[in-house]
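# Structural description and commentary
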Amino acid sequence: MPQIQSFDLLLRNARLRGGQGLQDIAVRQGRIAAIGPALAGTAVVEEDAGGRLVLPGLVDTHIHLDKSCLLCRCRDAGGGLKGAIAAVSGLKRSFTVEDVYQRGARTLERAITQGTMHMRAHVELDPLVGLRSFEAMTRLKRDYAFAVDLSICVFPQEGMTHDPAVELLLIQALAEGADLLGGCPYTDADPSLQMERIFALAVAHDVDLDFHLDFDLDPSWSHLEEICRRTMAAGWQGRVAVGHATKLAAIDDAALARMIVLLAEAGVGVTALPATDLYLNGRDLKHRAPRGVAPLHLLAEGGVTVSVATNNVLNPFTPFGDGSLIRMGNLYANLMHLGPESFGDCLDMVSTGAARLMRIADYGIRVGGWADLIVLDADDEADAFGGIAVPLMGFKHGRKSFARPAATLLR
Ligand SMILES: [Zn+2]
């Protein structure tokens, strides 16, 4: 007589992407042990997805928790990107560890209940804020590990090569647990030297890289080719990403085709931040403002790893945001004229594609993968993505990490 299997969790009646009938997902020791219709067995916890769509926990490759929720302190930047940097720079000296922690926690909790289970937090280091934001981030990483894997990317938002203290802060943060390094050459007095130093640090400390790059619509110059060249020279293919790259929305077809080949060859991933890219770009063109968002779907067709992410929430860079990655993917699809036939590809930009960009091991709903699961209030992919369905519950490594009851009408 076959032995009855016992599991830690049985999530019953899940609808999976591309799947036909309903499936049960069985979890043991944090990983998916079995997937199949009407699985036999017992479990410590049994939940019913009720035929709803179940996705792997979503992946936010680019968010600034340290400067989120600042609208009450500086409502109107008014000056586009430069104005936003200046507005936050003016506040940074007064940031305390507790303040950054509280604001970051508010945004992080919203993101968790919107289904995010992996996140790359970009954290500013400079003599103004020292290591205070970084320290708050390490505490958030520890305190919210039950629900989200937080990866900390430290970077010099306000330049690096003008002051040796900035590089020392980056090195100290790496010694104290930062997971990877970022750069922001366009704000540096010597962009090329910043890229050189950041790559040297990445190789010396064996960490991945994620740059803020090419954040305007001027096609006459770009740092992207230099990043690709340095990536190949360092042997860092697959370990480098860039965020924004909005110049890709402003160059002509032939130049874009060349860049796609180069990005794919160099293994450099690209992240679009549509909420910020739309809000800050093209202001001088008033009612004729272009979209100003990198055309990720074209990059993906050419073999480039791409993701859509949140960037800023409720601050002068982006006075919007509820932490929903499905909303970001939906916004991207909408502004790129992409319909239901492309919804799956856009969903990949906040899930499997984003996981590839962050090199997350064992991602996805398959036997042996981590049981990071969210149940969306929708019964298929198009409905979930087009309708920005809310997650009703999530399981991090098989343990229920949040619940968000569906709305109820009271007639
Ligand atoms: Zn950013």
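Structural notes, computed from the coordinates. Everything numeric in this text was worked out from a predicted model, so none of it was measured.

## Let's talk about the overall build of the protein
When you go through the protein residue by residue, the secondary structure sums to 13 helices and 16 strands. C-alpha atoms of the protein, sized along the principal axes, occupy 70 × 50 × 45 Å. Classification of the 411 residues of the protein by burial places 57% in the buried group. Sequence-distant contacts, at least 24 apart, represent 78% of the contacts inside the protein between residues at least 6 apart. Surface summary for the protein: the accessible area is close to 16,800 Å², and the carbon and sulfur share equals 52%. Charge-centre separation for the protein: the mean point of 39 positive side chains lies 4 Å from the mean point of 49 negative side chains.

## A closer look at the pairing of strand S9 (residues 180-183)
Burial along S9 is two-sided: the face carrying Leu180 and Gly182 and the face carrying Leu181 and Gly183 are both buried. Between the parallel pair strand S8 (residues 149-155) and S9, the chain is carried across by helix H4 (residues 164-175), and the sense of this crossover is right-handed. Sheet analysis places S9 next to strand S10 (residues 209-213), joined by three bridges and oriented parallel. Note on S10: the bridge partner recorded for Leu181 is Leu209. Once the chain exits S9 it traverses helix H5 (residues 191-205) before rejoining the sheet at S10, and the crossover so formed is right-handed.

## Observations regarding the coordination of the zinc ion
Distances from the zinc ion to its protein donors, namely His62 (NE2), His64 (NE2), His212 (NE2) and Asn311 (OD1), fall within the range 2.0 to 2.2 Å. For the zinc ion, the four donor atoms are set out with angles of 85 to 174° between them, so the coordination reads as irregular. Taken in chain order, the donor set of the zinc ion reads H-x1-H-x147-H-x98-N. Taken as a pair, His64 in the loop between strand S6 (58-63) and helix H1 (80-92) and His212 in strand S10 lie far apart in primary sequence, 148 residues in all. Judged on exposure class, the residue His64 and its partner His212 are both buried.

## Considerations on the environment of Cys184
Tracing the sequence through the fold places Cys184 in the loop between S9 and H5. Between the C-alpha atom of Cys184 and that of Gly51, which follows or precedes it by 133 residues, the distance is 45 Å.

## Some remarks on the sheet that holds strand S3 (residues 31-36)
Pairing in this open sheet of four strands is mixed, and the strands run S3-S2-S1-S4 from one edge to the other. The sheet is open, and its two borders are formed by S3 and strand S4 (42-48), each paired with just one other strand. For this sheet, the mean inter-axis angle between neighbouring strands, taken without regard to orientation, is 20°. Pairing of strand S1 (residues 6-14) with S4, which is carried by six bridges, proceeds in the parallel orientation. Counterpart to Arg12 in the pairing with S4 is Asp48.

## Notes on the layout of surface pockets
Taken as a whole, the largest pocket encloses approximately 360 Å³ of empty space. If one sorts the elements of the lining of the largest pocket by residue count, H1 sits on top with three residues. The calculated volume of the second largest pocket comes to roughly 280 Å³. Around the second largest pocket sit 16 residues that line it, and Asp149, Ser151, Met358, Arg359 and Ile360 are the ones nearest its centre. Mapped by element, the contributors of at least two residues to the lining of the second largest pocket are strand S7 (116-124) and S8. Residue classes in the lining of the second largest pocket are distributed as eight nonpolar, two polar and six charged.

## Digging into the environment of Gly292
Residue placement: Gly292 occurs in the loop between helix H8 (274-280) and helix H9 (296-301). Along the backbone, Gly292 and Tyr279 are 13 residues apart, and their C-alpha atoms lie at a distance of 9.3 Å. Filtering out sequence-adjacent residues up to four positions away, Gly292 remains in contact with Leu217, Thr246, Ala249, Asp277 and Asn281.

## Focus: the pairing of strand S11 (residues 240-244)
Among the five residues in S11, five count as buried, and that is most of the element. In this fold, S10 hands off to helix H6 (residues 224-234), which returns the chain to S11; that crossover is right-handed. By the bridge criterion, four bridges tie S11 to strand S12 (residues 268-272) in an arrangement that is parallel. For Ala241, the partnering residue across the bridge sits in S12 and is Gly269.

## So, the sheet that holds strand S15 (residues 391-396)
Think of a sheet as strands paired side by side through backbone hydrogen bonds, with each pair either parallel or antiparallel. Taken in spatial order, the four strands line up as S5-S14-S15-S16 in an open sheet, and their pairing is antiparallel. Each edge of the open sheet is held by one strand with a lone partner, namely strand S5 (54-56) and strand S16 (399-403). Between one strand and the next, the sheet's axes are offset by a mean angle of 25°, whatever the strand orientation. Where strand S14 (residues 373-376) lies against S15, four bridges are found, and the strand directions are antiparallel. Residue pairing for S15: Ile374 is matched across the bridge by Gly394.

## Section: the state of the cysteines
Using the criterion set out here, one finds zero disulfides in the structure. Between Cys228, a free cysteine, and Cys184, which holds the nearest cysteine sulfur, the sulfur-to-sulfur gap is 17 Å.

## Considering the packing of H4 against H5
Between H4 and H5, the shortest axis-to-axis distance is 12 Å and the interhelical angle comes to 25°. By the criterion of interaxial angle, the relationship of H4 to H5 is roughly parallel. Note that H4 runs across H5; the crossing there is right-handed. For the pair H4 and H5, the contacting residues are Glu167, Leu170, Ile171 and Leu174 in the first and Arg197, Ile198, Leu201 and His205 in the second. Across the contact of H4 with H5, the residue classes break down as five nonpolar, one polar and two charged.

About the criteria used
Residues numbered from 1 in each chain as written. Predicted model: local features only at pLDDT ≥ 70, side-chain atom pairs only at ≥ 80, totals over all residues. Heavy atoms only, no water. Helix = DSSP H or I, 4+ residues; strand = E, 2+ residues; numbered from the N terminus. Buried < 20%, exposed > 50% of the residue type's maximum accessible area, 1.4 Å probe, protein only. Contact = heavy atoms within 4.5 Å. Areas by Shrake-Rupley, 256 points an atom, 1.4 Å probe, with all protein chains shown as cover. Lys, Arg positive; Asp, Glu negative; His and termini not counted. Charge placed at Lys NZ, Arg CZ, Asp CG, Glu CD. Right-handed = clockwise from strand over helix to strand, strands pointing away. Pairing = 2+ DSSP bridges. Donors = N, O, S within 2.8 Å, 3.2 Å for Na, K, Ca; no water. Tetrahedral: all angles 85-135°; square planar, octahedral: opposite > 155°, others 65-115°. Axes fitted to C-alpha atoms, helices over the stretch in contact; angles between N-to-C directions. 1 Å grid on protein atoms, 1.4 Å probe; cavity = no way out; pocket = protein on both sides within 12 Å on 5 of 7 lines; lining within 4 Å. Points joined across faces, edges and corners; volume = space filled by probe spheres on them. Nonpolar A, V, L, I, M, F, W, Y, C, P; charged D, E, K, R; others polar. Disulfide = S-S within 2.5 Å. Parallel < 35°, antiparallel > 145°, perpendicular 65-115°, else oblique. Left-handed = near helix turned anticlockwise from the far one by under 90°.

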